[in-house]
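# Architecture and fold: a report
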Amino acid sequence: MSATANRITELKAKLWNELVVKTDVVTDGVAVEPQALRALRLGSDVKEQIQCLFVMDFEPHEGDLPAEFVTPHGLDVPVRWNPRSRYRIALDGSTFILADGEHEVFPISFHPRPGFYSRKTSDGKPMSTIAIASPDQHVFVVYSNECSYKDRGEDCLFCNINYTKSEFGERQGLNHWKTPRQIGETIAAAAEEGLYRHLTVTGGVIPERRELDYYLDVAEAIRAATGQERFNGTATVAAPLDLTNLDRLEEAGFRTTAMNLEIWDQRIYEVICPGKARGSGGWAHWVRALEYAVGVFGHGRVRSNFVAGIEPKARTLEGLEVLASKGVVGTFTVWCPNPGSELRGHRAPEPAWYLDLAEKLVTIWKRNGITYEHVYDANASSVGIQHDLYRIQDELFPVFEDARRRPATSGAGRG
């Protein structure tokens, strides 16, 4: 084996070890020591957490937290605050570290605060309330935390979208509907900084006609602001009863669409997602809409997410396999029984459960011709453990290119 091949093999092993730790942290959360929090200079130097859709922390908290941290070899780890976690972000001299009890796991770094967070739209709204910059040049827009299921008492039981609005709407200035013009200007500002390669527009479930008209206006504003006739954006919608509405989203310039099914087992779906089960045509119609959307947007250009850990793994995998066979990028998120949701206080499966699910999902993707480009374009960010696993297997992280270019005497990266 050549020296380069050895370095690549060693690098994969190091990334895998970091992924195991990341899965632990995402599943069980992380605490932040006060000294480290003060040294981070959140809101000026380091990007802060903005609760724009769901609070993904385990407990309510006051003050800012970092949005994510970065492992030595480049994995982005979302910060899910849990003061009872065995993991904590600490400061060792001038070095930030991830600690497990009294032991240092590895040094960590943080993403700088985007410049556009300090800018305002032409009508005076802070751009940090319009869109957030996720790692790897994803921009995430939540046009509103309004969800029509609330008024009918049919919120998804894992969801805390309405809690997020009530707790953080005033505090972080997120209560207003984002106008298409505000979104277009913010995306253009992110593009100027090199932070935009893909964007997702999403929000709570609203009446179908209102949703379609709004998305068409947003697409027009993005095209005008960026000069891109067909932009790399995902329209996240409820399954429309009129499936031709999906044609109109594609014609408006969106490259991908997402309809998040959340649960595959129909009986569990009816209990956990009562609004989706009774509205938008129900479970079967959501599946039909996803299949129809592939005919409009193309293979690998449609996404549906599952909240993994609520139903048995075999059922989730069945859904991911069926969707992939239809050309849909099925994905999953690690379930956080977060404050404000009906399932607060429950526990997600152990981290190894999620790692196994991620390995099986990447195999499903590859078997069905879903490339990493498809996965990147269809998702709101690239921080999922399944994204990391795909990039480790296919050697897509920047550190792999660095390792290939280094002389034989150089190491493969920080160890």
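Up top is the structure.
Below is a short write-up of the structure. This structure is a prediction, so every number in the text was calculated from the model and none was measured.

### Some details on the pairing of strand β7 (residues 131-134)
Because side chains alternate across β7, one face comprises the buried residues Ala131 and Ala133, and the other comprises Ile132 and Ser134, equally buried. Relative to strand β8 (residues 138-142), β7 runs antiparallel, the two being bridged by 4 bridges. Paired with Ala133 across the bridge in β8 is Val139. The hairpin turn running from β7 into β8, its antiparallel successor, is 3 residues long, and Asp136 in that turn takes a positive phi close to 65°.

### Brief notes about the pattern of salt bridges
Applying the stated rule across the entire model yields 31 salt bridges. Ionic pairing is found between Glu192 and Arg119, a salt bridge with its closest N-O pair at 3.1 Å. Here Arg119 lies in the loop between β6 (103-107) and β7 and Glu192 lies in helix α4 (residues 180-192), a separation of 73 residues in the sequence. For Glu192, a relative accessible area of 60% puts it in the exposed group. When the shortest N-O distance is used, the salt bridge between Arg404 and Glu395 registers 2.7 Å. Under the relative-accessibility criterion, Arg404 is labelled partly exposed at 33%.

### Quick look at α4
For α4, spanning 13 residues, the distance from its first C-alpha to its last is 19 Å, which sits close to the expected 18 Å at 1.5 Å a residue. Along α4, the residues that are buried comprise Pro180, Gln182, Ile183, Gly184, Thr186, Ile187, Ala188, Ala189 and Ala190. Taken together, the buried residues of α4 touch β7, β8, β9 (198-202) and α5 (208-226). Just past α4, the residue Gly194 takes up positive phi, approximately 75°.

### Considering the sheet that holds strand β10 (residues 231-236)
The sheet built from 7 strands is open, its strands ordered β7-β8-β9-β10-β11-β12-β13 with mixed pairing. Since the sheet does not close on itself, it has two edges, and those belong to β7 and β13 (328-334), each with one partner. Mean inter-strand twist for the sheet, computed between neighbouring axes without regard to direction, equals 25°. Bridging between strand β11 (residues 254-258) and strand β12 (residues 302-308) involves 2 bridges; their strand directions are parallel.

### Quick word on the packing of aromatic side chains
Evaluated as defined, the whole model comprises 15 aromatic pairs. Note on Phe231 and Phe254: the rings are 5.0 Å apart at their centroids and 70° apart in plane angle, and the pair reads as edge-to-face. Of the two residues, Phe231 sits in strand β10 while Phe254 sits in strand β11, which places them 23 residues apart along the sequence. This pair shows no difference in class: Phe231 is buried, exactly as Phe254 is. Taken together, the aromatic side chains of Tyr143, Trp177, Tyr214, Tyr215, Phe231 and Phe254 make up a single cluster linked through ring pairs.

Conventions adopted
- Residues numbered from 1 in each chain as written.
- Predicted model: local features only at pLDDT ≥ 70, side-chain atom pairs only at ≥ 80, totals over all residues.
- Heavy atoms only, no water.
- Buried < 20%, exposed > 50% of the residue type's maximum accessible area, 1.4 Å probe, protein only.
- Helix = DSSP H or I, 4+ residues; strand = E, 2+ residues; numbered from the N terminus.
- Pairing = 2+ DSSP bridges.
- Salt bridge = Lys/Arg side-chain N within 4 Å of Asp/Glu carboxyl O.
- Expected span 1.5 Å × (residues − 1).
- Contact = heavy atoms within 4.5 Å.
- Axes fitted to C-alpha atoms, helices over the stretch in contact; angles between N-to-C directions.
- Phe/Tyr/Trp six-rings, centres within 6.5 Å; stacked < 30°, edge-to-face > 60°.

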